[in-house]
Amino acid sequence: DTAVSQTPKYLVTQMGNDKSIKCEQNLGHDTMYWYKQDSKKFLKIMFSYNNKELIINETVPNRFSPKSPDKAHLNLHINSLELGDSAVYFCASSLRGAGARGYGYTFGSGTRLTVV
Amino acid sequence: SQELEQSPQSLIVQEGKNLTINCTSSKTLYGLYWYKQKYGEGLIFLMMLQKGGEEKSHEKITAKLDEKKQQSSLHITASQPSHAGIYLCGALLFGNEKLTFGTGTRLTIIP
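Reference entry: report on the structure contained in this document.

Quick notes on the rules
- Residues numbered from 1 in each chain as written.
- Chains lettered and ligands numbered in written order.
- Predicted model: local features only at pLDDT ≥ 70, side-chain atom pairs only at ≥ 80, totals over all residues.
- Heavy atoms only, no water.
- Core = buried A, V, L, I, M, F, W, Y, C linked by side-chain atoms within 4.5 Å.
- Buried < 20%, exposed > 50% of the residue type's maximum accessible area, 1.4 Å probe, protein only.
- Helix = DSSP H or I, 4+ residues; strand = E, 2+ residues; numbered from the N terminus.
- Contact = heavy atoms within 4.5 Å.
- Disulfide = S-S within 2.5 Å.
- Pairing = 2+ DSSP bridges.
- Axes fitted to C-alpha atoms, helices over the stretch in contact; angles between N-to-C directions.

**A short note on the nonpolar core**
All names here are of chain B.
Reasoning step 1: Of all hydrophobic cores here, the largest spans 23 residues; its most connected members are Leu 19, Ile 21, Leu 32, Trp 34, Leu 74, Tyr 87 and Leu 107.
Reasoning step 2: For this core, the secondary structure elements donating two or more residues are β2 (10-14), β3 (19-25), β4 (29-37), β5 (43-49), β7 (61-65), β8 (71-76), β9 (85-93) and β11 (105-110).
Reasoning step 3: Top element by residues in this core is β9. It accounts for 4 residues.
Reasoning step 4: When neighbours within four sequence positions are excluded, Leu 32 is seen to be in contact with Cys 23, Met 47, Met 48, Leu 49, Leu 65, Ser 72, Cys 89, Gly 90 and Ala 91.

**Describing the state of the cysteines**
Two cysteines whose sulfur atoms are joined by a covalent bond form what is called a disulfide.
All names here are of chain A.
Reasoning step 1: Applying the stated criterion across every chain, the model contains 2 disulfides over all chains.
Reasoning step 2: Cys 23 shares a disulfide with Cys 91; S-S distance 1.8 Å. As the torsion about the S-S bond is roughly -80°, the Cys 23-Cys 91 disulfide counts as left-handed. Within this pair, whereas Cys 23 is found in strand β3 (residues 19-25), its partner Cys 91 is found in strand β9 (residues 87-94), the two being separated by 68 residues in sequence.
Reasoning step 3: Residue class for Cys 91 comes out buried when judged on its relative accessible area of 0%.

**Focus on the sheet that holds strand β8 (residues 73-78) of chain A**
Residues and elements named next belong to chain A.
Reasoning step 1: Read from one edge of the open sheet, 4 strands run β1-β3-β8-β7, paired in antiparallel fashion. The two strands at the open ends of the sheet, each matched to only one other strand, are β1 (4-7) and β7 (64-70). In this sheet, adjacent strand axes meet at a mean angle of 20° when their direction is disregarded.
Reasoning step 2: As judged from the 5 bridges shared by β7 and β8, these two strands associate in the antiparallel manner. Across the sheet, Asp 70 pairs through a bridge with His 73, a residue of β8.

**Remarks on the pairing of β9(A)**
Residues and elements named next belong to chain A.
Reasoning step 1: Among the 8 residues that make up β9, 8 are buried, leaving the element largely enclosed by the rest of the structure.
Reasoning step 2: Burial along β9 is two-sided: Ala 87, Tyr 89, Cys 91 and Ser 93 and Val 88, Phe 90, Ala 92 and Ser 94, pointing in opposite directions, are all buried.
Reasoning step 3: Bridge analysis of strand β4 (residues 31-37) against β9 gives 7 bridges, and the strand direction is antiparallel. Residue pairing in the sheet places Tyr 33 in a bridge with Ala 92 of β9.
Reasoning step 4: Pairing of β9 with strand β11 (residues 111-115) involves 3 bridges; the strand directions are antiparallel. Bridge pairing in β11 links Tyr 89 to Thr 111.

None of the figures reported here should be taken as evidence of function without further support.
Below, the structure is given as structure tokens:
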């Protein structure tokens, strides 16, 4: 059973299109995240949701809109895609306060988005 | 500047040799994670360190967090081709729930 699953794994699309990436976790975690990994492999957080509530929103263009229908799902919708959006997007989940208790973060396998 | 610096950025090591990767923060950490990523794959959790001076080992990989909780090192003994990949340190800073990542170290093992 996949703990954190993302779909699709690969996404190639043209500039200006709107696309969504889905993420689901079956770990019973209450916090979910979206990270972006650029071409230099640097991972940076974009959003975090706890129990469907947005708790972290880094400086991300408002073309990116996360949606959490329930605590097991966190989807990422991107409007008007640009070349610079090409990257690998990782979804992750954890228990709230995981770090303080020594719990781990579990990452999905990533979605490689290529904008042409 | 990055909150978390990793060094070196890339490392080429002959199979069988030992190596060390460092992760340094200017702030005190309350959790330090090490992950490994192979090309085109997700992040594989290696270890998590919380206490100053803590050291953990898994197979031939050992990670340590210094007493001040601002620096961690990852040491691989007798490296093998399976160790090749990108190693990322991720840290939880005090008062911050988000996991902040270092710049990554690309490890290549040559036969």
